[in-house]
Amino acid sequence: QVQLVESGGGLVQPGGSLRLSCAASGSIFSIYVMGWYRQAPGKQRELVATITRGGGTNYADSVKGRFTISRDNAKNTVYLQMNSLKREDTAVYYCYARIQIVTRVQLDDYWGQGTQVTVAS
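This write-up is about the structure you can find in this document. Residue numbers run consecutively from 1 along every chain, following the written order of its sequence. Where local features are concerned, this predicted model is filtered to residues with pLDDT of at least 70; where side-chain atom pairs are given and counted, the filter is 80 or more; whole-chain, interface and lining totals use all residues. With hydrogens and water stripped out, all remaining heavy atoms of the structure feed into the side-chain values.

Side note on the environment of Ala91
As a reminder, the rule being used: Numbering of helices and strands starts at the N terminus; helices are DSSP runs of H or I of at least 4 residues and strands are runs of E of at least 2. Whether two residues are in contact is decided by their heavy atoms, any of which lying within 4.5 Å being enough.
Its location among the elements puts Ala91 in strand 9 (residues 91–101). Residues Ala91 and Ala120 lie 29 residues apart in sequence; the distance between their C-alpha atoms is 12 Å. In contact with Ala91, other than residues within four places in its own chain, are Arg38, Gln39, Ala40, Thr115, Gln116 and Val117.

Structure (structure tokens):
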């Protein structure tokens, strides 16, 4: 019923930049929160950043000042601009959204398939 499709991952050198995008589609009534999580090899999935429909943001301490999350409500799309990338940012990045679909009152959590970000020389 709902799909989250990520794009923009890849290989970048330390200090470089990448921009991730995630578009939600399907039987969507409203999207309340969108965000990004990441999972490095051997580690648990962790929050990177979230943004509410009204534009309120929350960042992990490790990315504050380097990453910027934004969204386009008209396009049901969330972005993550990643600057000054470090080797420790290497991970699979997952798009997340808390969505009310047209046939339910309750909110449900949805995840994208993930996109690999590798920071290496």
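There's more to say after this.
Considerations on the side chain of Asp89
So the rule is basically this: Any N or O atom pair separated by 3.5 Å or less is treated as a polar contact, with the protein-specific requirement of one donor-capable and one acceptor-capable atom, and with residues adjacent in sequence counted only for side-chain atom pairs.
Along the polypeptide, Asp89 turns up in the loop between strand 8 (77–82) and strand 9. Within the structure, Asp89 has its side chain in polar contact with the side chain of Arg38 (distance 3.0 Å). Among the polar contacts made by the side chain of Asp89, one reaches the side chain of Arg66 at a distance of 2.8 Å. Those residues in contact with Asp89 that lie beyond four places of it in its chain are Arg38, Arg66, Phe67, Ser84, Val117 and Val119.

Section: the nonpolar core
Selection rule: Within this scheme, the nonpolar core is defined by two criteria: the residues are buried Ala, Val, Leu, Ile, Met, Phe, Trp, Tyr or Cys, and they are joined through side-chain atoms within 4.5 Å. Exposed residues in this analysis have more than 50% of their type's maximum accessible area, buried residues have under 20%, and partly exposed residues fall in between, with area computed by a 1.4 Å probe over protein chains only.
By size, the foremost hydrophobic cluster in this structure holds 33 residues, and its most contacted members are Trp36, Leu80, Met82, Tyr93 and Ile99. Looking at this core, the elements that each hand over two or more residues are strand 1 (2–7), strand 3 (18–26), strand 4 (28–39), strand 5 (46–52), strand 7 (67–72), strand 8, strand 9 and strand 11 (115–119). Per element, the largest residue contribution to this core is 6 residues, and it comes from strand 9. Residues contacting Leu80, with those up to four places away along its chain left out, are Leu18, Arg19, Leu20, Trp36, Val48, Ala49, Phe67, Thr68, Ile69 and Tyr93.

Some words on the sheet that holds strand 3
Sheet strands pair via backbone hydrogen bonds, and the direction of the pair is either parallel or antiparallel. Selection rule: Between any two strands, at least two bridges found by DSSP are needed for them to pair. Helix axes use the C-alpha atoms of the stretch in contact, all axes being lines fitted to C-alpha atoms, and the angles between their N-to-C directions lie in the range 0 to 180 degrees.
Reading across from one edge, 1-3-8-7 is the order of the 4 strands in this open sheet, with antiparallel pairing throughout. Only two strands of the sheet have a single partner each, and these edge strands are strand 1 and strand 7. With strand direction ignored, the average angle separating the axes of adjacent strands in the sheet is 15 degrees. In terms of strand pairing, strand 3 meets strand 8 through 6 bridges, oriented antiparallel. When the bridges of strand 8 are listed, Ser21 appears paired with Tyr79.

Some points on the environment of Gly112
Relative to the elements of secondary structure, Gly112 occurs in the loop between strand 10 (108–111) and strand 11. For Gly112, a relative accessible area of 10% corresponds to the buried category. C-alpha separation for the pair Gly112 and Trp36, spaced 76 residues apart in sequence, amounts to 9.6 Å. When residues no more than four places from it in sequence are discounted, the contact partners of Gly112 are Leu4, Glu6, Tyr94 and Cys95.

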